[in-house]
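Given next are the chains, with one letter for each unit.
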Amino acid sequence: MKINKITAGIAISIAVSSLLVACSQFETREFSIDKPQSLIDQEALDAYKELKTYVNYNNQPNFKLGVELSVSEVAENSPFYRAMQSHFDEINFTRLNHMDFVPASGAPVMDNFIAALDVNKSAGMAVHAGHLLQHSNQNATYLNSLIPDLIIPGPTGTHLVENFESRTVGSSFPVYYSTADVSGTARISTDPVAGATNSGKTLKLDGPRAFPQYQVNLPSGVTLGDCKKLLLDANAAAGNQGAGISLGISTAFGPVPSGRFNKFNPGRSLEAIGAVTNVWGRNLELDLSTFAFTDAEKQLNSFVLTFGNETGGANMHLDNIRLTWAKFTVIPKTPAERKTIFTAELDKWIKAIGTAGKDKVKSWSVVYQPLDDIDPAKLRTGVGMGMLPANTFYWQDYLGREYAATAIKMLKQYANPTDKIFITETNLVDNVTKIQGLKDYIAYTETQGANVDGIATELALNVTTVDKTKVEAMLQALAATGKLIKISALDIGTGGNTAAATAELYQQQAETYKWFVKAYNTHIPAGQRAGITFRSPYDRISSDSWRPNEPVGLWTRGTSGSTVNAGYQRKPAYVGVVEAFQGK
């Protein structure tokens, strides 16, 4: 795009009044200024008609010019939503996340989605909605709570680690020092408290950071992983109880392996677990579940327990160190039971969103990112990943390869049988072989009785790094599937933030938007074009989660503090898109 500079100046007459004295005559002076070039350029941009007026719909009946908006923007009938109605003919709601609509109770709450659809009904814009089924943005806490293991209690017991009665008074006891200061001592002593509560022999700790080490030999068949609590008796002098009870596990006396000697979480002192100054605190306990034992440590039957208190001046007696343990049998739900449970949950979710969208939504992204990035012949899976990230749940791990077909058939039941069904996949530019995997998976899904109308994909490009050859190869491969092809999220950045953007970069951005729209029209046959959606029609600001502070839009975005103004101005990128639709 090249905007011709308009050189015409506009004379502006301004009357300047000068009050000399009361009732005196005004003297009028005239001067003229030229209109700023920036204003001339902006007026040239604003002279273009609305975007959708440049689209020829006659030969591409499925094409939709889309804009991604949030449910709240539409539900609130925001000024920007109203402005976009004249430029686009479809809203893209692809942030219908399970976790945002399904609370802890598990009962979907669709009020905001319904409100947005009701507001949009009068505007008459088409709606593409999703993603109904994906592995991220799920209420995984609720879903996982539906399949608790059956736990059958077994035998329990208390194992005496050490009561010091067989030790010789005055003899030293094995210790581990947490610092270079080795002046602290641990010796066998006698209980200083006389009378019926006398504890007999004890372990007396004096000085800084000396942590006693105990050899533990659990009963046969019992492991550290079965141990639930550490029990002890303690009697400490005033001001010498310290803080930061710590524990470590090793297979021999001496240094504890690096990183395996840690404070309990939350941090504890003897007083925090019930000790009283100069009086025996009996059966003080620490919950071992708060200590992160490794899987290997949990399997140990015999080990060295290093346990003590992080104090710089210990003066205390310890006695009767014990471990309580409990065996139990875990019976997980069978794969068939889990599939039944999550099929019912999926039905509940699809029913809620399909019923809400019935007669108002005609196009759906049912499944998002189904394929493995490394081996696209396989589905993504959480198996073998250990602890999954928050809000992550792989439906396919429980419902099987047919999970997409199951969801599609549910949606057709609750929404409309004639709705367009898309599967959305990403990272296709750098992994074009993934398209074959997607084609094969769609073919499989259709053998399960669920028709898939099209493929949707997302593109986040930059003018400085875009590989146009790869992008066009992706478009060609998508066209070869014979399915409808929808670009459900497109944005093109300048390679940096808004402050770093120059006029030259904005011109490159306009040319890149123009190139992509033309490439889409060139490589995707007219009958397969399902549309292009602009993920961010306006530039991003610093508080945005997606591409924060990047000028990716067709419009600028003004701000006042943290509040977004309606100060949207067309950018050269707007003209780039217009010219692409014009075939220039």
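Look above for the structure.
Let us look at the structure shown here. All figures in this text were calculated on a predicted structure; none of them were measured in a lab.

1. Some thoughts on the overall build of the chain
The secondary structure content of the chain amounts to 14 helices and 21 strands. What you see for the chain is a C-alpha radius of gyration of 35 Å, clearly larger than the 25 Å of a compact globule of 584 residues, by over 25%. For the chain, the spread of C-alpha atoms along the principal axes amounts to about 110 × 85 × 45 Å. Counting all 584 residues of the chain, 48% fall into the buried class.

2. Brief notes about the pattern of salt bridges
Enumeration according to the criterion identifies 27 salt bridges in this entry. With a shortest N-O distance of 2.5 Å, Asp206 and Lys204 are connected by a salt bridge. Under the relative-accessibility criterion, Asp206 is labelled partly exposed at 29%. One network of salt bridges, with partners in common, ties together Glu458, Asp491, Arg535, Arg547 and Glu550.

3. Overview of a nonpolar patch on the surface
Taken together, the side chains of Leu150, Ile152 and Ile331 define a hydrophobic patch exposed on the protein surface, amounting to about 250 Å² of accessible area. Judged by its relative accessible area of 37%, Ile152 falls in the partly exposed class.

4. Some remarks on helix H14 (residues 572-582)
Within H14, ten of the eleven residues are buried, leaving the element largely enclosed by the surrounding structure. At its buried positions, H14 is contacted by helix H1 (37-46), strand E1 (65-68), helix H13 (503-523) and strand E19 (529-534). One or two positions beyond H14, positive phi appears at Gly583, with a value near 80 degrees.

5. With respect to the packing of aromatic side chains
Within this structure, the stated rule accounts for 27 aromatic pairs. With centroids separated by 6.2 Å and ring planes inclined at 25 degrees, the aromatic side chains of Tyr441 and Tyr444 adopt a geometry described as stacked. Pair noted here: Tyr441 and Tyr444 are both in helix H11 (residues 434-447), with a separation of three residues, about one helical turn. Since its relative accessible area comes to 0%, Tyr441 is described here as buried. The exposure class of Tyr444 is partly exposed, given its relative accessible area of 23%. With a centroid separation of 6.0 Å and 70 degrees between ring planes, the pair formed by Trp515 and Phe516 is classed as edge-to-face. Linked through ring pairs, Phe80, Phe88, Tyr513, Phe534, Tyr538, Trp555, Tyr568 and Tyr574 together constitute an aromatic cluster. Against the face of Tyr54 rests Lys49, its NZ or CZ located 5.6 Å from the ring centre. Sitting over the ring of Phe422, Lys486 keeps its end group 6.0 Å from the ring centre.

6. What to know about the environment of Asn59
With respect to the element layout, Asn59 can be found in the loop between H1 and E1. On the basis of relative accessible area, Asn59 is assigned to the partly exposed category, the value being 43%. Separated by 468 residues in the primary sequence, Asn59 and Gly527 have C-alpha atoms spaced 7.5 Å apart.

7. A look at the pairing of strand E9 (residues 227-236)
Most of E9 sits inside the fold, with eight of its ten residues counted as buried. Relative to strand E14 (residues 314-331), E9 is paired through eight bridges, and the arrangement is antiparallel. Paired with Leu231 across the two strands is Arg322, which belongs to E14. In the sheet, E9 pairs with strand E12 (residues 281-287) via five bridges, with the strands oriented antiparallel. Looking across to E12, one finds that Leu230 is bridged to Leu286.

8. Topic: the nonpolar core
Phe93, Phe113, Trp364 and Phe516 are the most contacted members of the largest nonpolar core, which totals 99 residues. Ignoring sequence-local partners within four residues, the contact set of Phe93 consists of Leu69, Ser70, Val71, Val74, Phe113, Ala116, Leu117, Val127, His128, Ala129 and Gly130. Among the nonpolar cores identified, the runner-up in size contains 38 residues, and Phe164, Phe173, Leu286 and Phe293 belong to it.

9. Side note on the side chain of His135
One can find His135 in the loop between strand E3 (126-133) and helix H6 (140-144). For His135, a relative accessible area of 11% corresponds to the buried category. Every residue in contact with His135, bar those within four places of it in the chain, is listed here: Gln369, Arg380, Asn391, Thr392, Phe393 and Tyr394.

10. Some remarks on the sheet that holds strand E5 (residues 175-177)
If you walk across this open sheet you meet the five strands as E5-E8-E13-E10-E11, and the pairing is antiparallel. Sheet topology places E5 and strand E11 (261-263) at the edges, where each strand pairs with a single neighbour. Going from strand to strand, the sheet's axes swing by 30 degrees on average, the running direction of each strand aside.

Rules used throughout
Residues numbered from 1 in each chain as written. Predicted model: local features only at pLDDT ≥ 70, side-chain atom pairs only at ≥ 80, totals over all residues. Heavy atoms only, no water. Helix = DSSP H or I, 4+ residues; strand = E, 2+ residues; numbered from the N terminus. Rg over C-alpha atoms; globule rule 2.2 N^0.38 Å. Buried < 20%, exposed > 50% of the residue type's maximum accessible area, 1.4 Å probe, protein only. Salt bridge = Lys/Arg side-chain N within 4 Å of Asp/Glu carboxyl O. Patch = residues over 30% accessible without salt bridge, like charges linked within 9 Å, V, L, I, M, F, W, Y side chains within 5 Å. Areas by Shrake-Rupley, 256 points an atom, 1.4 Å probe, with all protein chains shown as cover. Contact = heavy atoms within 4.5 Å. Phe/Tyr/Trp six-rings, centres within 6.5 Å; stacked < 30°, edge-to-face > 60°. Lys NZ or Arg CZ within 6 Å of the ring centre and 35° of its normal. Pairing = 2+ DSSP bridges. Core = buried A, V, L, I, M, F, W, Y, C linked by side-chain atoms within 4.5 Å. Axes fitted to C-alpha atoms, helices over the stretch in contact; angles between N-to-C directions.

The values reported here are purely geometric and, on their own, carry no functional implication.
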